Amino acid sequence: MPEETEQNCESLKRRNLPWIEKYRPMTFEEIVGNEDTIARLSVFATQGNAPNIIIAGPPGVGKTTTIQCLARILLGDSYKEAVLELNASNERGIDVVRNKIKMFAQKKVTLPKGRHKIVILDEADSMTEGAQQALRRTMEIYSNTTRFALACNTSEKIIEPIQSRCAMLRFTKLSDGQVLAKLIELCQSEQLSYEEDGLEAIVFTAQGDMRQALNNLQSTAQGFGTITGANVFKVCDEPHPMLIQDMLQHCTQNDIHKAYKILTKLWRLGYASEDIIGNIFRVCKRLNVDENIKLNFIKEIGVTHMKVVDGLNSFLQLTSLLAKLCDIAEK
């Protein structure tokens, strides 16, 4: 009887988890995308003697999850006591490396032959340089007992001495097809009512980020019940891609007045310049126009995006972009 109660509590707890945790992959087979890199890690897992590794890539593609799966395969039942995981939310200055990480590396844990304790450092590129300098010495001293796995968005922020001590693995954004397949699987698992344009809208807003896709799916499901394009954009509150597409189509026809009306509407809805310019770029990549025009459009959008990021985020910058796009289409 107590066992049944415990199982029911565990089941209830899992049902109330955010979907990004509820559906977090536990094995390599469940991870979506980056198959070649996962295959390399599978070799490390089977051989047992894994090197220190750095996994670099954009957010939401499974870097930390992959490291956790590797640690589970290598350590089995010893996972909890033989793994130290530090996230960006933890203080990770030089003192943490000297004390917490060093103490963990010195700790005695009984492990199968050829296995090592694992230190997982998530968002390692946000560590201070002093902490990274201290870490490289710790990696050398305790190489017989401990392995280090670092996850980061940009490997350039990791100092070269640490990079040279690790196997470098790079993750890329997930394709739209991979994200869509996972969304359909979740909709069936959660018995959600969905429409095709709703899933396409989630894929559009996620931009290859599986974590973002699952969060948007859960938010829409709990807010509206049915997954439709209109509901998704209400939840995500992004400039609607159909409006952006119409605006760009007017630019290709050199009709700046109609394009300006749409831009004014988006501006009055309260969207920031960066939101608008970001969606203009995404939609332009999918626009069905002559390739030469599209390339020139993307070039101008990129220049304007750079100005917006530098602080020139006024309505004038965006109207200037429309004028340049119309000029390109006319020529």
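Here the structure is a predicted model, which is why all the values come from computation and not from measurement.

A word on unusual backbone geometry. The residue Asn34 is not glycine, and still its phi comes out positive at about 50 degrees. Inspection of the secondary structure puts Asn34 in the loop between α2 (19-22) and α3 (35-47). We classify Asn34 as buried; its relative accessible area is 11%. Residue Asn254 is not a glycine yet carries a positive backbone phi of 60 degrees. Locating Asn254 in the fold gives a position in the loop between α13 (241-252) and α14 (256-268). Among the residues examined, Asn254 registers a relative accessible area of 36% and is labelled partly exposed.

Moving on, we come to the environment of Val289. Relative to the helices and strands, Val289 resides in the loop between α15 (273-286) and α16 (291-309). Residues Val289 and Glu35 lie 254 residues apart in sequence; the distance between their C-alpha atoms is 33 Å. Not counting residues up to four positions away in its chain, the partners in contact with Val289 are Thr252 and Lys294.

This part takes up α14. Here α14 is 13 residues long and its end C-alpha atoms lie 18 Å apart, about the 18 Å a rise of 1.5 Å per residue gives. Within α14 the residues assigned to the buried category are Ala259, Ile262, Leu263, Thr264 and Leu266. Of the surrounding elements, those touching the buried residues of α14 are α13, α15 and α17 (315-330). Gly270, located one to two residues past α14, shows a positive phi value of around 100 degrees.

What follows covers the pattern of salt bridges. Scanning the model with the defined rule gives 9 salt bridges in all. Between Asp176 and Arg286 there is a salt bridge, with its nearest N and O atoms 3.2 Å apart. A residue pair is termed long-range when its members are at least 10 positions apart, and Asp176 in helix α9 (residues 176-190) and Arg286 in helix α15 qualify at 110 residues. Classification of Asp176 as partly exposed rests on a relative accessible area of 36%. Residue classification places Arg286 among the partly exposed positions, given a relative accessible area of 48%. Here Lys294 and Glu291 are joined by a salt bridge, their closest N and O atoms 3.8 Å apart. Separated by 3 residues within a single helix, Lys294 and Glu291 lie in helix α16, roughly one turn from each other. Since its relative accessible area comes to 11%, Lys294 is described here as buried. Among the charged side chains, a network of salt bridges with common partners joins Arg137, Glu140 and Arg165.

Calculation notes
Residues numbered from 1 in each chain as written. Predicted model: local features only at pLDDT ≥ 70, side-chain atom pairs only at ≥ 80, totals over all residues. Heavy atoms only, no water. Helix = DSSP H or I, 4+ residues; strand = E, 2+ residues; numbered from the N terminus. Buried < 20%, exposed > 50% of the residue type's maximum accessible area, 1.4 Å probe, protein only. Contact = heavy atoms within 4.5 Å. Expected span 1.5 Å × (residues − 1). Salt bridge = Lys/Arg side-chain N within 4 Å of Asp/Glu carboxyl O.

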